[in-house]
Amino acid sequence: MLAEVHERDGYPVNWPDRPGDWLTPPSLVAAWVVELDGRIAGHIGLSRSDTGDAAPGLWSARAGVGVDETAVISRLFVAPSARGRGIGALLMARAVTEARERGLHPVLDVVASDTAAAALYERLGWQFLATVEQRWGPDRTVAVRCYAAATGSSM
């Protein structure tokens, strides 16, 4: 399914040599999938802040807390054939609930060109923090939009 999402949407931007490892980075705390008709229809992960993450630093500076008090929502994707059923919002709610149960504030970043994902986060009430440039290789810089869940929000 990840290959299908990449082919259609260009996510992930850089196709990983080992997709299974990409889905389970060392910083991963938990992950969930949604099944529809016996097939995986969506995926989301919750991770600790990693060196390449911009949103945790932006949120911690704004909130006056340490980066270790954030959790990064990552690797969210929904099968093209399963879209329009609220699966992305369902996965987001599950990851946010888990972060809050751990006493962490959920944050995320998304490639600025992924307007559909940004629209989902904004529809769910996430706060836009900033757009920043990230270096994703020796010759590649990418603009990412950083978000934080609204304080006290379930999403």
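Up top is the structure.
Residues numbered from 1 in each chain as written. Predicted model: local features only at pLDDT ≥ 70, side-chain atom pairs only at ≥ 80, totals over all residues. Heavy atoms only, no water.

1. Points about the overall build of the chain
The helix and strand inventory of the chain stands at five helices and six strands. Going from N to C terminus, the chain has its helices and strands arranged as α-α-β-β-α-β-α-β-α-β-β. Counting only residues that meet the buried cut, the chain has 43% of its 155 residues in that class. Contacts in the chain between residues far apart in sequence, at least 24 positions, make up 61% of those at least 6 positions apart. As presented, the chain carries roughly 8100 Å² of accessible surface, and 50% of it is formed by carbon and sulfur atoms. The centroid of the 15 positive side-chain charges in the chain is displaced by 3 Å from the centroid of its 18 negative side-chain charges. (Helix = DSSP H or I, 4+ residues; strand = E, 2+ residues; numbered from the N terminus. Buried < 20%, exposed > 50% of the residue type's maximum accessible area, 1.4 Å probe, protein only. Contact = heavy atoms within 4.5 Å. Areas by Shrake-Rupley, 256 points an atom, 1.4 Å probe, with all protein chains shown as cover. Lys, Arg positive; Asp, Glu negative; His and termini not counted. Charge placed at Lys NZ, Arg CZ, Asp CG, Glu CD.)

2. Some remarks on the pattern of salt bridges
Applying the stated criterion to the full structure yields five salt bridges. A salt bridge links Arg94 to Glu98, with the nearest nitrogen and oxygen atoms 3.3 Å apart. One end of the pair is Arg94 and the other is Glu98, both in helix H4 (residues 87-101) and four residues apart, which spans about a single turn. Judged by its relative accessible area of 12%, Glu98 is buried. Between Arg102 and Glu98 there is a salt bridge, with its nearest N and O atoms 2.8 Å apart. (Salt bridge = Lys/Arg side-chain N within 4 Å of Asp/Glu carboxyl O.)

3. Description of unusual backbone geometry
As a rule of thumb, non-glycine residues mostly have phi less than zero, and peptide bonds are mostly trans rather than cis. Cis geometry is found at the peptide bond from Tyr11 to Pro12, where omega equals 0 degrees. Inspection of the secondary structure puts Pro12 in the loop between helix H1 (2-9) and helix H2 (19-23). If you check the backbone angles, Asp37 has positive phi at about 55 degrees while not being a glycine. Note on placement: Asp37 falls in the loop between strand S1 (28-36) and strand S2 (39-47). Phi is positive for Arg75, close to 55 degrees, though the residue is something other than glycine. In this fold, Arg75 is placed in strand S3 (residues 70-78).

4. Focus on the nonpolar core
In terms of nonpolar packing, the biggest core is built from 30 residues, with Ile44, Ile73, Met92, Tyr121 and Trp126 touching the most fellow members. Broken down by secondary-structure element, the contributors of at least two residues to this core are S1, S2, S3, H4, strand S4 (105-111) and helix H5 (115-123). Not counting residues within four places of it along the chain, the set of residues in contact with Met92 comprises Ile44, Ile73, Leu76, Leu108, Tyr121, Leu124 and Trp126. By size, the runner-up hydrophobic cluster in this structure holds 11 residues, among which are Ala55, Trp59, Leu129 and Cys146. (Core = buried A, V, L, I, M, F, W, Y, C linked by side-chain atoms within 4.5 Å.)

5. A closer look at the layout of surface pockets
To locate leftover empty space, one rolls a probe as large as a water molecule over the atoms. Here the largest pocket defines a volume of roughly 1400 Å³. Those elements that place two or more of their residues in the lining of the largest pocket are H1, S3, H4, S4, H5 and strand S5 (127-135). The greatest single-element share of the lining of the largest pocket, amounting to seven residues, is contributed by S3. Across the lining of the largest pocket, the residue classes break down as 23 nonpolar, 13 polar and 11 charged. (1 Å grid on protein atoms, 1.4 Å probe; cavity = no way out; pocket = protein on both sides within 12 Å on 5 of 7 lines; lining within 4 Å. Points joined across faces, edges and corners; volume = space filled by probe spheres on them. Nonpolar A, V, L, I, M, F, W, Y, C, P; charged D, E, K, R; others polar.)

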